[in-house]
Amino acid sequence: MTIHIGAKPDEIAETVLMPGDPLRAEWAAKTFLTDAVCVNRVRGMLGFTGIWRGQRVTIHGSGMGMPSLSIYANELIRDYGARTLIRVGSAGGYQPHTLVRDVILAQAACSVSTPSSTILREVNYAPIADWGLLSAAYRAGQARGTRLHVGNIFSSDTFYTERADHTEQLTRHGVLAVEMEAAELYILAARYGVRALAILTVSDHIVTGEELSADQRERSFGEMIEIALEAAFA
Ligand SMILES: O=P(O)(O)O[C@H]1O[C@H](CO)[C@@H](O)[C@H]1O
Ligand SMILES: O=c1cc[nH]c(=O)[nH]1
């Protein structure tokens, strides 16, 4: 047990999928894993461990924002031995071609700051995905015929931005979408020598205003979960 995760030491798998939403973790575990057991309930941050095609997998919520993800990813890696962490999240599309329900593989994640900024100091570190996971996810998405994009995303510290100029410049520089966790996940993975990838489903579009409901965000992201599982064990 750690401060934030109530699981016993052997109850977390080496492969962990991390949605921001703990209820999405529950839905995904019940939908895609067999013999799924709830291994964490501390603070309502649900985690489940079960079996997918003979492989042990944990699906554990990260909460919203990089400070929250940092707590869970640190404990999963350092205390429980997680070696592959795949964020499965929602994102706001920036580009005309990143449409609602499209899937984005985050090759890199830019940010204004991350929890690691205090230790990286003046270094403008480039957080990047694990190449093996990224290429496997791309192949899995292509094979399924998913509308897929690979590229840079923005990990924001805020959901409600007051900086229209900011969004405009990120869009102009080819950033595909905005979310709130991937950059810190990639930095932690690099620090501890483990594999990480963020797979995102576009849940709303920052320019057109089209959006999915909260219920759809919890339950309609099956394609992304299957791509994540296939990539993890490719
Ligand atoms: O759907 P999740 O995985 O939570 O991801 C996105 O949704 C939340 C904001 O609504 C943030 O956590 C953002 O990164
Ligand atoms: O962080 C997020 C996630 C989904 N949509 C947004 O606009 N921002």
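Please read these numbers as outputs of a predicted model, since none were measured by experiment.

Student: I'm lost on the pairing of strand β9 (residues 195-205) in this one. Help?
Tutor: Regular strands place side chains that alternate from one sheet face to the opposite one. The buried count for β9 comes to nine of 11 residues, which makes it a mostly enclosed element. As paired strands, strand β5 (residues 84-93) and β9 are joined by 10 bridges and run parallel to one another. Looking at β9, one finds that L85 is bridged to A196.

Student: Would you mind going over the nonpolar core with me for this structure?
Tutor: Nonpolar side chains tend toward joint burial in soluble globular proteins. Of all hydrophobic cores here, the largest spans 73 residues; its most connected members are I86, I153, I199 and A228. Leave out the neighbours within four places in its chain, and A228 touches L17, I86, V88 and I199.

Student: Is there a simple way to explain the site of ligand 2 in this structure?
Tutor: Near ligand 2 you find S90, A91, G92, S156, F159, V178, E179, M180, S203, D204 and I206, and these make up its full shell. Mapped by element, the contributors of at least two residues to the shell around ligand 2 are β5, β8 (177-179) and β9. With three residues, the top contributor of residues to the shell around ligand 2 is β5. Within the shell around ligand 2, the residues separate by chemical class into five nonpolar, four polar and two charged.

Student: Is there a simple way to think about the packing of helix α2 (residues 66-78) against helix α6 (residues 182-192) in this case?
Tutor: Packed helices, taken two at a time, are described by the angle their axes make and the gap between the axes. Running from amino to carboxyl end, α2 crosses α6 at an angle of 25°, the nearest separation of the two axes being 9 Å. Comparing their axes, α6 and α2 come out roughly parallel. For α2 against α6, the interelement crossing comes out right-handed. When α2 is examined against α6, the residues M66, L69, S70, A73, N74, I77 and R78 are found in contact with a partner set consisting of A183, E184, L185, L188 and Y192. Residue composition of the contact of α2 with α6, by class: eight nonpolar, two polar and two charged.

Student: When you look at the UniProt feature "binding site: a purine D-ribonucleoside" (unreviewed entry) in the chain in this model, what are you seeing that I'm missing?
Tutor: In the numbering adopted here, UniProt assigns the feature "binding site: a purine D-ribonucleoside" (unreviewed entry) to H4, E179, M180, E181, S203 and D204. Look at the named residues: they lie 201 residues apart in sequence, and the longest C-alpha span between them is 30.6 Å, so in the fold they stay spread out. Turning to its location among the elements, M180 is positioned in the loop between β8 and α6. Look at M180 and you get buried, because 25 C-beta atoms sit within 10 Å. Contacts of M180, omitting those with residues within four sequence positions, involve M64, G65, M66, S155, S156 and F159. Looking at the secondary structure, you find E181 in the loop between β8 and α6. In this structure E181 touches G20, S62, G65, M66, L69, R87, G89 and S155, once residues within four positions along its chain are discounted.

Student: Can you help me understand the UniProt feature "active site" (unreviewed entry) in the chain in this one?
Tutor: UniProt marks D204 with the feature "active site" (unreviewed entry), using the numbering shown here. Contacts of D204, omitting those with residues within four sequence positions, involve G92, V100, E210, E211 and L212.

Student: Even after reading the chapter, I still don't get unusual backbone geometry, so can you show me in this structure?
Tutor: In this model, R43 sits at a positive phi of 60°, which is unusual for a non-glycine residue. Position of R43 relative to the elements: it lies in the loop between β2 (34-40) and β3 (47-52). Non-glycine residue R53 carries a positive phi angle of around 45°. Within the element layout of this structure, R53 appears in the loop between β3 and β4 (55-60).

Student: What's the story with the environment of T201 in this structure? I'm lost.
Tutor: The topology assignment puts T201 in strand β9. T201 gets classed as buried once you count the C-beta atoms within 10 Å, which come to 26. Expressed as a C-alpha distance, the spacing of T201 and G89, which sit 112 residues apart in the sequence, is 6.4 Å. Beyond its immediate chain neighbours, meaning those up to four positions away, T201 contacts S90, R101, V103, F221 and M224.

Student: What is the right way to read the confidence of the model for the chain from this model?
Tutor: The predicted coordinates of low-pLDDT regions are not to be read in fine detail. Averaged over all residues, the pLDDT of the chain is 96; the fraction at 70 or higher stands at 99%. In the predicted complex, the global pTM is 0.97; the interface-specific ipTM is 0.98.

Student: What exactly am I supposed to notice about the pairing of β4 here?
Tutor: Pairing geometry for strand β1 (residues 15-18) and β4, over two bridges, is parallel. Across the sheet, residue V16 finds its bridge partner in β4, namely T58. Pairing analysis gives six bridges linking β3 to β4, with the strands arranged antiparallel. Bridge assignment links F48 to a residue of β4, and that residue is I59.

Cut-offs used in this document
- Residues numbered from 1 in each chain as written.
- Chains lettered and ligands numbered in written order.
- Predicted model: local features only at pLDDT ≥ 70, side-chain atom pairs only at ≥ 80, totals over all residues.
- Buried ≥ 20, exposed ≤ 12 C-beta atoms within 10 Å, placed from the backbone.
- Helix = DSSP H or I, 4+ residues; strand = E, 2+ residues; numbered from the N terminus.
- Pairing = 2+ DSSP bridges.
- Core = buried A, V, L, I, M, F, W, Y, C linked by C-beta atoms within 7 Å.
- Contact = placed C-beta atoms within 7 Å.
- Near = placed C-beta within 6 Å.
- Nonpolar A, V, L, I, M, F, W, Y, C, P; charged D, E, K, R; others polar.
- Axes fitted to C-alpha atoms, helices over the stretch in contact; angles between N-to-C directions.
- Parallel < 35°, antiparallel > 145°, perpendicular 65-115°, else oblique.
- Left-handed = near helix turned anticlockwise from the far one by under 90°.
- UniProt positions renumbered as here; feature names shortened; annotations may be inferred.
- pLDDT = per-residue confidence, 0-100.

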